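Structural overview for review
Residue-level listing of the chains:
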Amino acid sequence: MTYLRVPPTLEGEPDPSRIARLVFGIADWRRRHPAEQVVDLGAAWQALHYLLTGDAWEGRAPAADVVCGGRLLTEDGAAELGMDVIYLAPERVAAAAEHLTGTPFETIAGRFDPAAMAAAEVQDAAGMDRDRVLAPAYARITAFFTAAAADRQAVYKVMTQDG
């Protein structure tokens with residue numbers, strides 16, 4: 001899963017669905033944005049969601065908003081863009097950032113249980129390393145959301161085969 005933070009209005013366009021098509025309709029969209037505006041969690045996304053919420057897919061905001069929460073923009077447009085795009089409005093980004101900064105990794109690390117995660121069908125749970133993979137991913141996503149909230153930006157989350 002890859003995240004991109006952008007202003008709520010881009011090129012004069014306020015509609016998140018149209019912004020998604022402007023941004024993600026370009027093959028090399030990652031390179032068109034400064035590195036600090038993009039974060040890639042790779043295969044750690046679902047394990048992080050599990051640590052944050054205790055569930056593979058569900059959970060309550062603001063914790064669930066970090067990974068799985070938000071508005072799916074591509075229900076009818078995934079074929080057009082080649083990916084699913086989830087939108088998180090600036091106010092939800094701010095609440096998620098506050099939750100992340102107020103929840104040290106050590107607080108959620110106790111949920112790390114590869115057997116329970118595998119039973120919940122968390123992707124790559126059996127091979128996930130808490131300290132070498134998930135802790136750094138949590139630090140990256142916390143910094144990313146904190147910066148997005150400080151700049152009052154929206155966050156777009158995408159799932160593609162290549163990232």
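Here is a short report on the structure shown in this document.

1. Some details on the overall build of the protein
If you tally the helices and strands in the protein, you get 7 helices and 5 strands. Listed by position from the N terminus, the elements making up the protein come as β-α-β-α-β-α-β-α-α-α-α-β. For the protein, whose C-alpha radius of gyration is 15 Å, the value lies close to the compact-globule estimate of 15 Å for 163 residues. Once the C-alpha set of the protein is aligned to its principal axes, its extents read approximately 45 × 30 × 25 Å.

2. Focus: the packing of helix 2 (residues 45-53) against helix 7 (residues 130-150)
Where helix 2 meets helix 7, the axes come as close as 10 Å, and the angle between the chain directions of the two elements is 75 degrees. Considering the angle they form, helix 2 stands roughly perpendicular to helix 7. Contacts from A47, L48, L51 and L52 in helix 2 reach L134, A137 and Y138 in helix 7. In the contact of helix 2 with helix 7, the residues fall into 7 nonpolar, no polar and no charged.

3. A short note on unusual backbone geometry
With an omega dihedral of 5 degrees, the bond running from A61 to P62 counts as a cis peptide bond. Position of P62 among the secondary structure elements: in the loop between helix 2 and strand 3 (71-72). Here E11, not a glycine, exhibits a phi torsion of approximately 50 degrees, which is positive. On the basis of relative accessibility, which here comes to 70%, the residue E11 falls in the exposed class. Despite not being glycine, D124 shows a phi value in the positive range, around 60 degrees. Turning to its location among the elements, D124 is positioned in the loop between helix 6 (114-119) and helix 7.

4. Considering the sheet that holds strand 4 (residues 84-88)
Strand order in this open sheet of 5 strands is 2-1-5-4-3, and the pairing throughout is antiparallel. Edge strands, defined here as strands with exactly one partner in the open sheet, are strand 2 (38-40) and strand 3. The pairing of strand 4 with strand 5 (residues 154-159) spans 5 bridges and is antiparallel. Looking at strand 5, one finds that Y87 is bridged to Y156. Sheet strands touched by helix 4 (residues 90-101): strand 4 and strand 5. Its angle to strand 4, the strand with the most contacts, is close to 80 degrees.

5. Remarks on the pattern of salt bridges
In the structure shown here, the tally under the stated rule is 5 salt bridges. Salt-bridge contacts for E13 lead to R18; the nearest nitrogen and oxygen are separated by 3.5 Å.

6. Quick look at the packing of aromatic side chains
According to the stated counting rule, one finds 8 aromatic pairs in the structure shown. Between the aromatic rings of F24 and W29, the centroid separation amounts to 4.8 Å while the plane-to-plane angle is 80 degrees, which identifies the pairing as edge-to-face. You can call F24 buried: its relative accessible area is 3%. Judged by its relative accessible area of 3%, W29 is buried. Taken together, the ring pairs connect F24, W29, Y87 and Y156 into an aromatic cluster.

Reading guide: rules and limits
Residues numbered from 1 in each chain as written. Predicted model: local features only at pLDDT ≥ 70, side-chain atom pairs only at ≥ 80, totals over all residues. Heavy atoms only, no water. Helix = DSSP H or I, 4+ residues; strand = E, 2+ residues; numbered from the N terminus. Rg over C-alpha atoms; globule rule 2.2 N^0.38 Å. Axes fitted to C-alpha atoms, helices over the stretch in contact; angles between N-to-C directions. Parallel < 35°, antiparallel > 145°, perpendicular 65-115°, else oblique. Contact = heavy atoms within 4.5 Å. Nonpolar A, V, L, I, M, F, W, Y, C, P; charged D, E, K, R; others polar. Buried < 20%, exposed > 50% of the residue type's maximum accessible area, 1.4 Å probe, protein only. Pairing = 2+ DSSP bridges. Salt bridge = Lys/Arg side-chain N within 4 Å of Asp/Glu carboxyl O. Phe/Tyr/Trp six-rings, centres within 6.5 Å; stacked < 30°, edge-to-face > 60°.

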